[in-house]
Amino acid sequence: MLLRRCLLSTAAAAARGPPPIRVDLTESAGRGVFATRPIPTGEFLHSAQPLVCHPSPSLLHEVCYSCLRRKAGAGRASSGGYYFCSDACREHAKGFHDVEKNADWSSFEDHCSSRGLKYPYMVKRLACMVISGAANADCLNILQPARLHQGTLIEMEEEFEVLKSTFRKAGFQEEVTTFLTKEWYVNVLTRIRINTFRIELVAKSYEDLLSSAAASVSCDASVGNAVYMLPSFYNHDCPP
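Residues numbered from 1 in each chain as written. Predicted model: local features only at pLDDT ≥ 70, side-chain atom pairs only at ≥ 80, totals over all residues. Heavy atoms only, no water.

As recorded in an unreviewed UniProt entry, the protein goes by SET domain-containing protein and comes from Urochloa decumbens.

The following block contains the structure:
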């Protein structure tokens, strides 16, 4: 019976044909995504969970802290005031959210806000995930890093010092933040900068379209940012 089920499963997969897209190298522009066959309108291509994500700072209490879903009516707030769209998201985020809420992030947020920075928030989230055991410190190493100018490196060093200071003032012991070095911060941020997707929600109504258009004008169309494993490979590759 098991063999028959396996054969039927294999036959069904063959009937569906090959995956509709593949990642391959181009002759002159690095890596790219190619269709393997004609793709009809509306066909589902790929689904992925983010490795790390973070809501837009201006929407921190209007977007799910875990999955970036926008609030619709009454949501499930945590003790820290953040919004969770479901008990599943609340449970998923519990470990790193507990780490985050045990620190005073005002200095870090002031630093990022005054300079218009968004990616350091994702590094902060990843650091909390590593401390809580929800992620490995090297989980982004496989992704392509961005090239940096000296001035950018100096800015990153300043951001790192503020982040490190925040954890130190919160009383986190050295043994749980051993990974949190300047080299780790720069390594993670260079990958986040070039592999992050800005997440915007699909409009479901005429009113949503108007809201989305208004948000685009005010540069606040996104609900957050996220890094994925396979889709970030789709994104680009910029070798010399």
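From this point on, the discussion continues.
Undergrad: Mind showing me how you'd approach the overall build of the protein here?
TA: A tally of regular secondary structure across the protein gives eight helices and seven strands. Summed over all atoms, the accessible surface of the protein reaches about 14200 Å², with 54% contributed by carbon and sulfur. (Helix = DSSP H or I, 4+ residues; strand = E, 2+ residues; numbered from the N terminus. Areas by Shrake-Rupley, 256 points an atom, 1.4 Å probe, with all protein chains shown as cover.)

Undergrad: What's the story with unusual backbone geometry in this structure? I'm lost.
TA: It is generally the case that most residues other than glycine have a negative phi and that most peptide bonds are trans. Positive phi, close to 75°, is recorded for L68, a residue that is not glycine. Relative to the assigned elements, L68 resides in the loop between strand 3 (52-55) and strand 4 (76-77). Residue L68 is classed as buried on the basis of its relative accessible area of 4%. (Buried < 20%, exposed > 50% of the residue type's maximum accessible area, 1.4 Å probe, protein only.)

Undergrad: What am I meant to see in the environment of V223 here?
TA: One can find V223 in the loop between helix 7 (206-217) and strand 7 (224-227). Here V223 falls in the buried class, since its relative accessible area comes to 1%. Taking the C-alpha atoms as reference, V223 lies 6.3 Å from L68; in sequence the two are 155 residues apart.

Undergrad: What should I look at first to understand the nonpolar core in this one?
TA: Ranked by size, the top nonpolar core spans 44 residues in total, and within it V123, L126, L163, F167, W184, Y185 and I192 carry the most contacts. Looking at this core, the elements that each hand over two or more residues are strand 5 (83-84), helix 2 (87-101), helix 3 (106-115), helix 4 (119-132), helix 5 (150-169) and helix 6 (182-195). Sorting elements by how many residues they give to this core places helix 4 first, with 10 residues. If sequence neighbours within four positions are ignored, Y185 has contacts with P120, V123, M156, E159, F160 and L163. (Core = buried A, V, L, I, M, F, W, Y, C linked by side-chain atoms within 4.5 Å. Contact = heavy atoms within 4.5 Å.)

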